Amino acid sequence: GRVGAGVTAELGSMAVTEQIDALRALAANPTRKLVVPRVGALVIALPLLTILADTIALFGGLLMSILEIGQTRVYFLNPVFSALTLRDMASGIGKTVFFGFFIGVIACYNGINARGGADGVGKATTNTVVVSSISVIISDFFLTKIFLMF
């Protein structure tokens, strides 16, 4: 939500100040120059951030089990690695590619179509957060069903 809001605010302020119209006047394609890099960055960065967050969470769980409960490292990691499958990891990381795409497209669409000054940019940003959140929840349901089929 936060990244989508940032993209929307950036593109919205460009739309309100007619910078996107200036790109069109220069015969430059705003979609190619502004949208594709942002959506591509989200599609690449979100899975990488997910891998980083999962790694930190696993390490944090290991650290707490050792320091707080007194378990050994092997006692913690054996059940984790026996329960964790490649299918689970592929599903979790694969879904984030779609989430990044959905968030990027929604954010860019709302940003480029923002009108009405700062108020319009604010409304577009709020709309991006709401629609992105709902689309991630709905797509998570369907993507889970799809990933469970394979």
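For the structure given in this document, a descriptive report is provided here.

## Here's the deal with helix α1 (residues 2–16)
A rise of 1.5 Å per residue sets the reference length of α1, with its 15 residues, at 21 Å; its end C-alpha atoms lie 21 Å apart and thus fit the reference within 8%. When α1 is considered as a whole, its buried residues turn out to be Gly4, Ala5, Val7, Thr8, Leu11, Gly12, Met14 and Ala15. With its phi angle positive at about 65°, Glu18 sits one or two positions after the end of α1.

## Topic: the packing of aromatic side chains
Note on aromatic pairs: each is described by the distance of the centres and the angle between the planes. Going through the model one piece at a time under the given rule, you end up with two aromatic pairs. With a centroid separation of 5.1 Å and an interplanar angle of 80°, the aromatic rings of Phe141 and Phe142 are classed as edge-to-face.

## Comments concerning the packing of helix α3 (residues 30–69) against helix α5 (residues 86–112)
Taken N-terminus to C-terminus, the directions of α3 and α5 make an angle of 145°; their axes are 8 Å apart at the nearest point. Like other packed secondary-structure pairs, α3 and α5 cross with a definite hand, here right-handed. Taken together, the residues of α5 that come into contact with α3 (itself represented by Val35, Arg38, Val39, Leu42, Val43, Leu46, Pro47, Thr50 and Ile51) are Gly92, Ile93, Thr96, Val97, Phe99, Gly100, Phe101, Ile103, Gly104, Val105, Cys108 and Ile112. Among the residues making up the contact of α3 with α5, the classes are represented as 15 nonpolar, five polar and one charged.

## Some details on the layout of surface pockets
In this structure, the largest pocket occupies an estimated 220 Å³ of space. Considering the residues around the largest pocket, the lining is formed by 14 residues, among which Val3, Gly4, Leu42, Leu46 and Ile103 are closest to the centre. When contributions to the lining of the largest pocket are tallied by element, the ones reaching two or more residues are α1, α3 and α5. Looking at the lining of the largest pocket, its residues break down into ten nonpolar, two polar and two charged. Here the second largest pocket is characterised by a volume of approximately 160 Å³. Lining of the second largest pocket is provided by Ile51, Asp54, Thr55, Leu58, Phe81, Leu84, Met89 and Ile93. The set of elements that each furnish at least two residues to the lining of the second largest pocket consists of α3 and α5.

About the thresholds
- In every chain, residue numbers begin from 1 and rise along the written sequence.
- Whole-chain, interface and lining totals are the exception, using all residues; otherwise, since this is a predicted model, local features are given only for residues with pLDDT of at least 70 and side-chain atom pairs are given and counted only at 80 or more.
- To obtain the side-chain values, all non-hydrogen atoms of the structure were used and water was disregarded.
- Secondary structure follows DSSP: runs of H or I at least 4 residues long count as helices, runs of E at least 2 residues long count as strands, and numbering of each begins at the N terminus.
- Here the expected length of a helix is defined as 1.5 Å per residue gap, with one fewer gap than residues.
- The buried label goes to any residue with under 20% of its type's maximum accessible area, the exposed label to any with over 50%, and the partly exposed label to all in between, with areas taken from a 1.4 Å probe on protein chains only.
- Here the aromatic set is Phe, Tyr and Trp, taking the six-membered ring for Trp, and pairing holds for ring centres within 6.5 Å; pairs whose planes are under 30 degrees apart are stacked, those over 60 apart are edge-to-face, and all others are tilted.
- A fitted line through C-alpha atoms serves as each axis, taken over the contacting stretch for helices, and the angle formed by two N-to-C directions is quoted from 0 to 180°.
- In this scheme the crossing of two helices becomes right-handed for a clockwise turn of the near helix relative to the far one and left-handed for an anticlockwise turn of less than a right angle.
- Any two residues whose heavy atoms approach within 4.5 Å are treated as being in contact.
- Three classes are used, and their members are as follows: Ala, Val, Leu, Ile, Met, Phe, Trp, Tyr, Cys and Pro are nonpolar, Asp, Glu, Lys and Arg are charged, and the others, Gly among them, are polar.
- Computed over the protein atoms alone on a 1 Å grid, cavities are sets of points where a 1.4 Å probe fits but cannot get out and pockets are open sets with protein on both sides within 12 Å along at least five of seven lines; a residue lines them when it has an atom within 4 Å of a point.
- Grid points are joined across faces, edges and corners, and a volume is the space filled by probe spheres set on the points.

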